[in-house]
Amino acid sequence: MIVEALPILMIGALALLLFTGFPVAYVLGGVGLVFALVGSSLGVFPFARFLIMPGRVFGGIAENLVLVAVPMYIFMGTVMTASGVARDLLICLQVLMRRMPGSLSLAVVVMGTILAATTGIVGASVIMITLLALPVMLERGYSKSLATGTIAASGSLGILIPPSIMLVVMADLLATSVGGLFVAALLPGLLLSALYAGLIVLTAKLRPELAPPMADDAGPQNTGELVLLLFKGFIAPTALIVLVLGSIILGWASPMEASGVGAFGAVLLAVLNGRWRFRFWNRCVQETAVTNAMLFMIFIGATVFAFVFRALGGDELVGGLFEQLGLGPWGVLIVMMLIIFALGFFFEWIEITLIVIPLFAPIVRLLDFGDHVAQADVILWFAILMAVNLQTSYLTPPFAITLFYMRGITPPNVKMTHMYRGVLPFVGMQMIALALIVYFPQIALWLPTLVFSE
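Basis of the calculations
Residues numbered from 1 in each chain as written. Predicted model: local features only at pLDDT ≥ 70, side-chain atom pairs only at ≥ 80, totals over all residues. Heavy atoms only, no water. Helix = DSSP H or I, 4+ residues; strand = E, 2+ residues; numbered from the N terminus. Buried < 20%, exposed > 50% of the residue type's maximum accessible area, 1.4 Å probe, protein only. Contact = heavy atoms within 4.5 Å. Areas by Shrake-Rupley, 256 points an atom, 1.4 Å probe, with all protein chains shown as cover. Axes fitted to C-alpha atoms, helices over the stretch in contact; angles between N-to-C directions. Parallel < 35°, antiparallel > 145°, perpendicular 65-115°, else oblique. Left-handed = near helix turned anticlockwise from the far one by under 90°. Nonpolar A, V, L, I, M, F, W, Y, C, P; charged D, E, K, R; others polar. Core = buried A, V, L, I, M, F, W, Y, C linked by side-chain atoms within 4.5 Å. Expected span 1.5 Å × (residues − 1). Phe/Tyr/Trp six-rings, centres within 6.5 Å; stacked < 30°, edge-to-face > 60°. Patch = residues over 30% accessible without salt bridge, like charges linked within 9 Å, V, L, I, M, F, W, Y side chains within 5 Å. Salt bridge = Lys/Arg side-chain N within 4 Å of Asp/Glu carboxyl O.

Concerning the overall build of the protein chain
What the protein chain contains, in helices and strands, is 20 helices and zero strands. Here the protein chain holds 454 residues, and 53% of them are scored as buried. A fraction of 79% describes how many contacts in the protein chain between residues 6 or more apart in sequence connect residues 24 or more apart. A total of about 19,500 Å² of accessible surface is found on the protein chain, and carbon and sulfur atoms cover 70% of it.

Below, the structure written as C-alpha cells:
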C-alpha cells in the first residue's frame, strides 16, 4: 500500500512545499530526490537509477537544441524593453486611435499585442506598460479598474503570442515542432487580443464616463512629425515581428535561427534609437543571464521530479485514474482544462507546464475526437488550448502574478480591489476564447495546415 501511494504522496508534498515560498526549482528537485531515496529504501527505486539522473539532466536540457532559443528570445525582450521602443509605440498608437471609443485602452491592447510578438516576457511588458500608460489613463479620467485590467490582460499576451518562451518549453515537453506551435498560436493570440478590444469598445460605448475620449488635436502637429513617429513607434517594431515570425512562417529560418534574427533586430533598433551604450549592453546581458538561469534551474528540478515520479509508477496511476472515471475523450479534455484552470489560481505557467504535461501528454495522444479533430492534430490542438488556459494564471486571484508586478509601481490611490475588479471581465474573454477554440479547432489548426502542407 505504501509503495502504491508514493506517487500520490509525492504530488501532495510538492503542492504543500510550493506554498512555503521556497524557490520552485529546489522544491521540484528536492521532492524528487527525497522520494527517490524513500523508493530506494522500499526496493522500488534501484540505486542505479540515481546514476541515470545526471544523464537525463544533461541530455534532456543542456544538449537540447530547442531550448537554445530561450536565452535568445529573453535577450530580445530585454533589449526591446530597455531601448525606448515601447514608449514611442504607445505615443504612436494613441495618436492613430484617438477617434475610437476607449482609444487609450485600445492603444494599450495593440501595444501589448505588438510587445508580445517582440519580447514574450510578461513581467517586463506589464511593468513597462504600467509605467508608460497608467499615469496617462488616470490623468485622462479613465476608470481605475478598466485601466489596470486592460494593462494586466494586454501585458500577459506574451505567453501566448509567438515567439513565446512558454511555447518553446511546451514544444519540448510534447516532443512536437516549435514552429508548428508558433504558427498555431498566432490566430488564437490575435483572437484574444480582438476580444479584449471588443470588450473595451463595448464598455466605452455603454459607459463613456469610464473611458473619456482623447482630444482631436493630441499628437504631432504636422506631417513630418507624424511620419517620424510612425517610423520609430510603429514601423520599426512591426518590422522586427516580420523578421522573426515571417522567417519562420515562410520557411526561411527555424524557430531557433529566428531567435538569433530577433536578437540582432532588437540590438539594431536599440542602436537606431541611440540607446546602445556599454551600460545598456551590460544591463541587458545581466538581466538575460539571471532570467535564463532561473528558468533552466526550474527545468533541471522538473526533470528530476518527472523522472522519479514515472519510476515510482506515477504515469500508470494517472492513466488508470482517468480510465476509471469513464468520461470519454470530451470528458477527459474538460477535466484536464478544469485542473489547469484551477492550478492557475495558485501557480505560474512554468510550474503548471512542467508538472502537468508529462502526466497528461500520454493520455492526450490516445484520445479520439472523431471528425472534430484529426488524430494527428490532437496534440497541437491540446497545446494551444492549454496555452490559452494558462493565460488566466496571470490574472486569477489570489496569486495573480501580473497584478503583483503592477502593485509595486502603481500610485497609492489604485488599490488591489480596483485591479481584481478590472481583470475579471478579461478572464471572461479568455474563457470565451478557450471555448471558441474547443468548438472551432480550425482557429488553431488552419494556419499550420496552410503553412506546412505541401
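Now that the structure is up, let's keep going.
A look at the packing of helix α10 (residues 178-206) against helix α19 (residues 416-439)
Remark: α10 packs on α19, axes separated minimally by 10 Å, with the N-to-C direction vectors making an angle of 140°. Here α10 is positioned oblique relative to α19, judged by the angle of their axes. Crossing of α10 against α19: the hand is right-handed. On the side of α10, the interface is formed by Pro-188, Leu-191, Leu-192, Leu-195, Tyr-196, Leu-199 and Ile-200, while α19 contributes Pro-425, Phe-426, Met-429, Gln-430, Ile-432, Ala-433, Leu-436 and Ile-437. Tallied by class, the residues present in the contact of α10 with α19 amount to 14 nonpolar, one polar and no charged.

Brief notes about unusual backbone geometry
Residues other than glycine seldom take positive phi values, yet Ala-175 does so here, at roughly 55°. As for its placement among the helices and strands, Ala-175 is situated in the loop between α9 (165-174) and α10. Of the residues examined, Ala-175 reaches a relative accessible area of 69% and is grouped as exposed.

A short note on the packing of α9 against α10
Relative orientation of the contacting elements α9 and α10 amounts to 130°, with a least axis distance of 9 Å. Taken together, the axes of α9 and α10 are oblique relative to one another. α10 is crossed by α9, and the crossing has right-handed handedness. Touching Leu-167, Val-168, Met-170 and Ala-171 of α9 are Val-178, Leu-181, Phe-182 and Ala-185, all from α10. Grouping the constituent residues of the contact of α9 with α10 by class yields eight nonpolar, no polar and no charged.

A look at the nonpolar core
One broad trend across soluble globular proteins is that nonpolar side chains are buried collectively. Tyr-73, Met-170, Val-308, Trp-349 and Met-386 are the most contacted members of the largest nonpolar core, which has 157 residues in total. With 13 residues, α10 is the largest single contributor of residues to this core. Contact partners of Val-308, with chain neighbours within four places excluded, come to Met-10, Gly-32, Phe-35, Ala-36, Phe-45 and Met-53.

Comments concerning helix α15 (residues 328-343)
Its 16 residues place the ends of α15 23 Å apart at the C-alpha level, agreeing with the 22 Å of an ideal helix rising 1.5 Å per residue. For α15, the complete set of buried residues consists of Gly-331, Val-332, Leu-333, Met-336, Met-337 and Ile-340.

Overview of the packing of aromatic side chains
Summed over the entire model, instances satisfying the criterion amount to eight aromatic pairs. Seen in terms of ring centroids, Tyr-196 and Phe-426 are 5.3 Å apart; in terms of plane orientation they differ by 80°. Their pairing is edge-to-face. Of this pair, Tyr-196 sits in helix α10 while Phe-426 sits in helix α19, placing them 230 residues apart in sequence. Exposure class is identical for Tyr-196 and Phe-426. Each is buried. Arranged with centres 6.0 Å apart and planes meeting at 10°, the rings of Phe-305 and Phe-309 form a pair that is stacked. Taken together, the residues span about one helical turn, with Phe-305 and Phe-309 both in helix α13 (residues 278-311) at a distance of four residues.

A short note on a nonpolar patch on the surface
Where nonpolar side chains cluster on the molecular surface, the patch consists of Leu-187, Leu-190, Trp-446 and Leu-450 and spans about 380 Å² of accessible area. Taken together, the elements giving at least two residues each to the nonpolar patch come down to α10 and α20 (442-452). Along the chain, the position of Leu-450 falls in helix α20. The class of Leu-450 is exposed, set by a relative accessible area of 52%.

Geometric values such as these leave the question of function open.
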